[in-house]
Amino acid sequence: MARKRSPRKTTAASEPTVAPRRAGRGAQPGQASQASQASQASQASQASQASQSRKKKPQQPLITVRHMARRDINRVWDFLKISFREVNAETVEYQRPRSKLRFEEVYEEEGIEQLLFEVEGDIVAYAECSYEVIGSDNWINPRYFEKRDMRPLFVDELAVHPEMHGRGVGSFVLEQLHHLARVHGLNHLVLEVAENNERALDWYKKRSFKKLDAAIFMACAVVTEPELLPPRELPPAREAPPPDEPNESEPSGE
Ligand SMILES: CC(C)(COP(=O)(O)OP(=O)(O)OC[C@H]1O[C@@H](n2cnc3c(N)ncnc32)[C@H](O)[C@@H]1OP(=O)(O)O)[C@@H](O)C(=O)NCCC(=O)NCCS
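In this convention, every chain numbers its residues from 1, walking through the sequence in written order. pLDDT decides what is reported in this predicted model: residues at 70 or higher carry local features, side-chain atom pairs at 80 or more are listed and counted, and totals for whole chains, interfaces and linings draw on all residues regardless.

A few words on the overall build of the protein chain. Secondary structure elements are taken from DSSP: a helix is a run of H or I of four residues or more, a strand is a run of E of two residues or more, and numbering for both begins at the N terminus. Secondary structure assignment for the protein chain yields seven helices and six strands. Counting helices and strands in the order they occur from the N terminus, the protein chain gives β-α-α-β-α-α-β-β-α-β-α-β-α. For the protein chain, the share of sequence-separated contacts (at least 6 apart) that also reach a separation of at least 24 residues comes to 76%. Distance between backbone-placed C-beta atoms decides contact: two residues are in contact if it is within 7 Å.

And the structure:
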């Protein structure tokens, strides 16, 4: 099974280009078979309409996906700061993205895919995933998955530009990640999401993600005391003792 990412130097958008989903979805397979029972005249008219619409240019701009290139690092970094601003403000987890330096290091690492989704040259989404557990500071225990015959694609980041939420961009990103998993022979997508990132949590649950036996952050209140004692009144200086007088009872040493 190929578990390493493809070479980094990809510049052309050789990946699929997919039009954004529209509110009105296409006919379902069952409906298509019903249509086949309609009259021939109606079929001919439908076929002619379909062929006309196939020739039409798409009404909406296209979303394209490609591998991130080194020249994108600064733009993607800015994009991520905007995309996670709201989430970071509320979560106890480490802040995403961690640091510019870490982000640059990730680019150099083997086994990590960084995908950019663009509309007319603007970044609308970013996804980062890895084919194996990477880094010694990782929270993941690979044996958990091995024991359960799970071969995960680890989704390290998934973000859509705030101005593009609710337009099917995230769904397209997820579809691409499922596709990557399938072509690499991986049978699960695994990711970490903060419990109070409710929008994302609901979004994942709706898309068949289930909670794993992973760590949850816990806290209990402690009655606090300051580490340093409070100021206190300075005691007055003692009066100087009278000068020593010779003590007759003591041996003189002679
Ligand atoms: C969670 C997140 C990725 C979702 O992305 P998104 O692009 O808003 O997702 P979608 O547009 O595909 O889906 C959102 C909803 O819009 C609906 N939708 C899809 N296409 C639509 C369209 N063309 N027009 C209107 N609504 C549409 C979907 O039905 C979906 O609703 P549902 O969840 O009730 O099914 C996005 O909110 C995000 O990036 N959040 C910040 C970063 C984050 O939290 N990432 C996850 C942490 S790991």
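Core analysis: the largest hydrophobic core is formed by 29 residues, its most contacted members being Phe-117, Ala-125, Ala-127, Leu-153 and Val-155. Broken down by secondary-structure element, the contributors of at least two residues to this core are β2 (63-67), α3 (73-90), β3 (112-119), β4 (122-130), β5 (152-160), α6 (169-183) and β6 (188-191). If sequence neighbours within four positions are ignored, Ala-125 has contacts with Phe-117, Ala-159, Val-160, His-161, Val-169, Gly-170 and Val-173. We define the nonpolar core as any set of buried residues of the types Ala, Val, Leu, Ile, Met, Phe, Trp, Tyr and Cys, connected via C-beta atoms lying within 7 Å of each other. With C-beta atoms placed from the backbone, a residue is labelled by how many other C-beta atoms lie within 10 Å of its own: buried for 20 or more, exposed for 12 or fewer, partly exposed between the two.

Two strands qualify as a pair provided DSSP detects at least 2 bridges between them. Inspection of the sheet shows β5 paired to β6 by four bridges, in the parallel sense. When the sheet's bridge partners are listed, Pro-152 is paired in β6 with His-188.

A few words now on the confidence of the model for the protein chain. Of all residues in the protein chain, 71% have pLDDT values of 70 or greater, and the mean over the chain is 79. pLDDT measures the predictor's confidence residue by residue and takes values from 0 up to 100. Across the protein chain, β2 holds the top mean pLDDT of 98, while helix α1 (residues 29-35) sits lowest at 39.

A large share of β5 lies buried, amounting to seven of its nine residues. Pairing analysis gives six bridges linking β4 to β5, with the strands arranged antiparallel. Paired with Ala-125 across the strands is Val-160, a residue of β5. By the criterion used throughout, a crossover qualifies as right-handed when its path from the first strand across the helix to the second strand runs clockwise, the strands pointing away from the viewer. The parallel pair β5 and β6, bridged by α6, forms a crossover whose chirality is right-handed.

By convention here, the C-beta atom is placed from the backbone, and a residue is near a molecule or strand when that atom is within 6 Å of it. Surrounding the ligand, one finds 23 residues, the nearest of these being Val-160, His-165, Gly-168, Gly-170 and Ser-171. Elements that contribute at least two residues to the shell around the ligand include exactly α3, β5, α6 and α7 (198-206). With four residues, the top contributor of residues to the shell around the ligand is α7.

Let us now look at the environment of Gln-95. With respect to the helices and strands, the residue Gln-95 is situated in the loop between α3 and α4 (100-108). Taking C-alpha positions, Gln-95 is 9.1 Å from Arg-85, a pair spaced 10 residues apart along the chain.

On the secondary structure map, His-184 appears in the loop between α6 and β6. According to the C-beta neighbour criterion, His-184 is partly exposed, with 17 such atoms within 10 Å. Placed 31 residues apart in sequence, His-184 and Leu-153 show a C-alpha to C-alpha distance of 8.8 Å.

In this section: α3. What a helix should span is 1.5 Å times the count of its residues minus one. The terminal C-alpha atoms of α3 lie 26 Å apart, and with 18 residues this matches the ideal 26 Å at 1.5 Å per residue to within 8%. To get the bend at any residue, fit one axis to the seven residues that end at it and another to the seven that begin at it, then take the angle between the two axes. Along α3, the sharpest kink reaches roughly 55°, centred on Phe-84. Listed as buried for α3 are Val-76, Phe-79 and Ser-83. Taken together, the buried residues of α3 touch β3, β4 and β5.

Among all residues except glycine, the phi angle is most often negative; among peptide bonds, the trans geometry is most common. One non-glycine residue, Glu-120, adopts positive backbone phi at about 50°. Structurally, Glu-120 is set in the loop between β3 and β4. Classification of Glu-120 by C-beta neighbours within 10 Å gives exposed; the count is 9. Phi at Ser-208 is positive, roughly 75°, even though this residue is not glycine. Note on placement: Ser-208 falls in the segment after α7.

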